[in-house]
Every structure is written in C-alpha cells, then in structure tokens.
Amino acid sequence: MKKILLFIAFTSYGFSQGEITSLSIDEAIEYGIKNNRNLLNAEREILMAYNQKWATIATGLPQITAKLDYTNYIELPTSLIPLEKFGGPPGEFSEVQFGREKTAFGSMRMEQQIFDGSWIVGLQATQVYLETSKNFYEKTLLEVKEGVIKLYSLVSILKEGVSLLKNNVENFKKDYYEISELYNNGFEEIENLEQIKITLAQSEFLLKQTEKTYDNQKDLLKLILGIKIEDQLVLTTNFEELISGDIIFNKSIVDFIPENNIEIKISKNTFDTKTLEYKFEQSKRLPKITGFYSNSFTGYNDDFKFLQSDQKWFGSSLFGINLKVPIFSSLGLRASSQKAKYAMSQAETSYVDKKERIGRNPKTKVEAKIVARKVVKFKPSISFKNKLNSQ
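On a predicted model such as this, the values are computed, not experimentally measured, just so you know.

## Side note on the pattern of salt bridges
- Summed over the entire model, instances satisfying the criterion amount to ten salt bridges.
- Between glutamate 277 and lysine 274 there is a salt bridge whose closest N-O contact spans 3.7 Å. Placement of the pair is glutamate 277 and lysine 274 together in helix H7 (residues 262-283), with a separation of three residues, close to one helical turn.
- Its relative accessible area of 35% is what places glutamate 277 among the partly exposed residues.
- Aspartate 353 serves as the salt-bridge partner of arginine 357, at 2.8 Å between the closest nitrogen and oxygen. Pair noted here: arginine 357 and aspartate 353 are both in helix H8 (residues 332-357), with a separation of four residues, about one helical turn.
- Residue classification places arginine 357 among the exposed positions, given a relative accessible area of 54%.
- A relative accessible area of 34% means that aspartate 353 is categorised as partly exposed.

Take a look at the structure:
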C-alpha cells in the first residue's frame, strides 16, 4: 500500500510541474518570434488586411444573384367584376377566381458598379491598411526581440544574485555560530554578536526579496515567450556567458534615415488613413451609377409538374441603369467632411513632429550620430564569488 501511495504522489508531482522548456538566449529569441501571442496576432492582422483588400475589390466586380420562389395557393384569391360593364344590372358583381393553384418563379440578376467614388477610396484604404499591418508587425517583432533579450539577461543576473546571496547567508550563519560560541566562552563582545545577527537578518530579507523578483521576472519572460506560467523554463545561457559575449542591447544608428524608422512609418500610415477618411467623406457628394440585367421565368400549374418537360414557362428580361445623386443633406455631409479634415490636419502635424523629433537633437534639429555600443565586461562579482567559495 505504501508503494502505491508513493507512486501516486510521485506521478501527481510530475504532472503538476508542467512541461519543461530549456532555452539559450538565441533559442529564446527564436522561440519568442514563433510563439509570442502579440506577434501571432500581428501576423493574423496582415492576413486580415489581405482578405479585406480582396473583399473591397470584389464589391466593384459583377455581382450575380439567383432567386427561386414557389407558391401554393390553398385557396385562390377572389376578384369582384361589376356586371354593369357586361350589360348586367348596376350594383351587382360577379365573383371570379383567376390563376392556377401552384406558381413557380425563378430569376437571375447581374449588377455592375459603373461609378462609385467611395469604392475608389476604399481600394486606396485597403493598401494603407495592409502597410499599417506590416509596420505594426515589424514594431511588435522589434519589441519582442528587445523584451526577450532584456528579460533573459535580467533573469540570469537575478539567478546569479540569488546564488551569491545564498552563499552570503550561509557564511553569515557560520560567522554567527562561531561568534556565539566565542561569546558564550567569554571571548567576544555582545555588540559583535548583535551586529552579525542584524547582518544575517538583512541578508535573509534581501535573499527573499531577490528570489521574489526573480520569480516575477521569470514569469514575465514566460509570458513574452508564449509559455504557460505553470510550465518550467530553464535558461541555459548563464550570467558569465552573457557578460563575456558581445551582446548589443542598443541598436546602432550610424546613418539615420527617417523613412526607415518604424515609429515614423506608423505615423505616416496614420496620416494616410486620415487623408483617405477625408476623401471618403468628400466622395459621398459624388453620384453613384449602377447597371443591372435581370432574366426571369414563371410557370403555372394546378399540380406540381414543374420538373416535367411539358411544363410551360413564361420568360421576361430587362436591363437598366440606376443613378443616385445626393442633393441636400441638411449640411450633414459638410460637417462630417470638416471633421475628417481636422483629423487629417492633426495626423499631419503629429507626423511632421515625429520626423523632427526621432533621431535628431530636439534643440538644434541636427541628426544625432550614434555609434554602436556594447555591454561593458565588468566582473567584480565573479572574484567575490570565488573568494566566498574559498572560505
């Protein structure tokens, strides 16, 4: 029975640990690119933009619809015919029923948009939407890479800090034990014992705080990587490898080109979108022209024999053009157009301001030349760790 309980406990513990994922810093970056939830949604946004583009194009192409109707009169409608028209006495009517009990009707209609200003603006808007989605994906990709590098490095540093603090606590416990023994034998002052006791308490408190920060930052790293919180994450690139490698945390800017900056490109997309919204409001004042062609057929019978070859069908067809011209909207179109114009001006101002600010000195407006910067290889903690381990 004991063996069964131990097996169940061990199995439950194994399942509670979740999956284990081991990643180096390079593998973490690739893993984040493939599994980050924000990046996945950004990819879907691009696919949505492609489909929206074709959906808008399709509205300007021929639209064909078919319609089938079947009617079965339980009782035919009755019409009254005045007998006076046929030489009968005035004021009297004859009850007459026209038609057949069953009717089948089918039609096919094709419509073609000839001119619609809003459709032309919509085509331009879909292209801007697609570009905006791609730029948003690029921005999200940069944020994911930067977030993974920073959090991975921070977690590794905190892990090293926890290890050093544990060694400190163990050493302080040894010192406290030795000084306690010396004090009990009269070879040490009470002040020294209290001092080492306070230092030990401070070290234990700092260790708990660092462990808590380590767990929190590791959970944040799991989120940005797209790993479940309950799963385990093992970082295979340690602190020493990070500080010994040539990891560039700040992107180099040698020749700054405003058009290539992602923030400026997104700002330009916003300005283009607002411009198209203004054009769309303006297009509402233009006429809309649509052409159509319709062909229909109708069959009558007292029994359901519409599928037989001797059934007679009566056809008709027509062609026409619809013209819709806005004449008066109680100044509603003018108000909405002015609102869109102001929004366009706001977006243009923000776009110009963004170009002036990013990559330039805010006072002189001169391009800032920034050279590549690497992490300084500073290793005081390594020697301190070796010193502690030797005690």
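## Digging into a nonpolar patch on the surface
- Taken together, Ile64, Met108, Met110, Ile114, Phe115, Ile120, Leu286, Tyr293, Phe319 and Ile321 make up a surface patch of nonpolar side chains, about 980 Å² in accessible area.
- Counting residues per element, the ones that place at least two in the nonpolar patch are strand E5 (102-115) and strand E8 (314-324).
- Looking at the nonpolar patch element by element, the count peaks at four residues for E5.
- Structurally, the position occupied by tyrosine 293 is in strand E7 (residues 288-301).
- Residue classification places tyrosine 293 among the partly exposed residues on the basis of a relative accessible area of 38%.

## Considerations on the nonpolar core
- In terms of nonpolar packing, the biggest core is built from 27 residues, with Val148, Leu221, Leu225 and Leu233 touching the most fellow members.
- Secondary structure elements with two or more residues in this core: helix H2 (25-35), helix H4 (117-184), helix H5 (190-225) and strand E6 (232-235).
- Those residues in contact with leucine 221 that lie beyond four places of it in its chain are Val148, Leu151, Tyr152, Val155, Leu233 and Leu235.

## Description of the packing of H7 against H8
- Contact pair H7 / H8: the axes reach a minimum separation of 8 Å and the direction vectors enclose 165°. Compared by their axis directions, H7 and H8 come out roughly antiparallel. In the packing of H7 onto H8, the handedness of the crossing is left-handed. Of H8, the residues touching H7 (which contributes Glu263, Ile264, Ser267, Lys268, Thr270, Phe271, Lys274, Thr275, Glu277, Tyr278, Glu281 and Gln282) are Ser336, Ser337, Ala340, Lys341, Ala343, Met344, Ala347, Glu348, Ser350, Tyr351, Lys354 and Lys355.

## Re the sheet that holds E8
- Pairing is antiparallel across the open sheet formed by four strands, whose spatial order is E2-E5-E7-E8. Each of the sheet's edge strands pairs with one partner strand only, and the pair in question is strand E2 (63-72) and E8. Between one strand axis and the next, the sheet turns through 15° on average, direction left out of account.
- The pairing of E7 with E8 spans eleven bridges and is antiparallel.

## As for unusual backbone geometry
- If you check the backbone angles, serine 330 has positive phi at about 55° while not being a glycine.
- Considering the arrangement of structural elements, one finds serine 330 in the loop between E8 and H8.
- One non-glycine residue, leucine 331, lies in positive phi territory at about 65°.

## Observations concerning the packing of H4 against H5
- Axis separation between H4 and H5 bottoms out at 8 Å; the angle between their running directions is 160°. Classified by the angle their axes make, H4 and H5 are roughly antiparallel. Classified by chirality, the crossing of H5 by H4 is left-handed.
- Looking at the contact of H4 with H5 residue by residue, the classes come out as 25 nonpolar, eight polar and nine charged.

## What about the environment of glutamine 127?
- With respect to the helices, strands and loops of the structure, glutamine 127 is situated in helix H4.
- Relative accessible area serves as the criterion here: at 32%, glutamine 127 is assigned to the partly exposed category.
- Taking the C-alpha atoms as reference points, glutamine 127 and threonine 273, 146 residues apart in sequence, are found 10.0 Å from one another.

## A look at the confidence of the model for the chain
- Across the chain, the average pLDDT comes to 83, with 83% of residues at or above 70.
- Confidence over residues 368-385 falls short of pLDDT 50; this stretch has 29 contacts with residues more than four positions distant or in other chains.

## What to know about the packing of aromatic side chains
- This model, assessed by the stated rule, comprises seven aromatic pairs.
- Measuring from centroid to centroid gives 6.1 Å for tyrosine 300 and phenylalanine 314, while their planes differ by 45°, and the two rings are tilted. On the criterion of sequence distance, the pair formed by tyrosine 300 in strand E7 and phenylalanine 314 in strand E8 is long-range, its members being 14 residues apart.
- A residue is classified by how much of its surface remains accessible, and tyrosine 300, at 38% relative accessible area, is partly exposed.
- Under the relative-accessibility criterion, phenylalanine 314 is labelled partly exposed at 49%.
- Ring geometry for phenylalanine 304 against phenylalanine 306: centres 5.3 Å apart, planes inclined by 85°, an arrangement best described as edge-to-face.
- Its relative accessible area of 8% is what places phenylalanine 306 among the buried residues.
- An aromatic cluster is present here, built from Tyr70, Phe297, Phe304, Phe306 and Trp313 joined pairwise through their rings.
- The ring centre of phenylalanine 292 lies 4.2 Å from the NZ or CZ of arginine 109, which sits over that ring.

## Here's the deal with the pairing of E6
- On E6, burial follows the alternation: Leu233 and Leu235 on one face are buried, whereas Gln232 and Val234 on the facing-out side are not.
- Note: strand E1 (residues 20-23) against E6, four bridges, orientation parallel. Looking across to E6, one finds that isoleucine 20 is bridged to glutamine 232.

Calculation notes
- Residues numbered from 1 in each chain as written.
- Predicted model: local features only at pLDDT ≥ 70, side-chain atom pairs only at ≥ 80, totals over all residues.
- Heavy atoms only, no water.
- Salt bridge = Lys/Arg side-chain N within 4 Å of Asp/Glu carboxyl O.
- Helix = DSSP H or I, 4+ residues; strand = E, 2+ residues; numbered from the N terminus.
- Buried < 20%, exposed > 50% of the residue type's maximum accessible area, 1.4 Å probe, protein only.
- Patch = residues over 30% accessible without salt bridge, like charges linked within 9 Å, V, L, I, M, F, W, Y side chains within 5 Å.
- Areas by Shrake-Rupley, 256 points an atom, 1.4 Å probe, with all protein chains shown as cover.
- Core = buried A, V, L, I, M, F, W, Y, C linked by side-chain atoms within 4.5 Å.
- Contact = heavy atoms within 4.5 Å.
- Axes fitted to C-alpha atoms, helices over the stretch in contact; angles between N-to-C directions.
- Parallel < 35°, antiparallel > 145°, perpendicular 65-115°, else oblique.
- Left-handed = near helix turned anticlockwise from the far one by under 90°.
- Pairing = 2+ DSSP bridges.
- Nonpolar A, V, L, I, M, F, W, Y, C, P; charged D, E, K, R; others polar.
- pLDDT = per-residue confidence, 0-100.
- Phe/Tyr/Trp six-rings, centres within 6.5 Å; stacked < 30°, edge-to-face > 60°.
- Lys NZ or Arg CZ within 6 Å of the ring centre and 35° of its normal.

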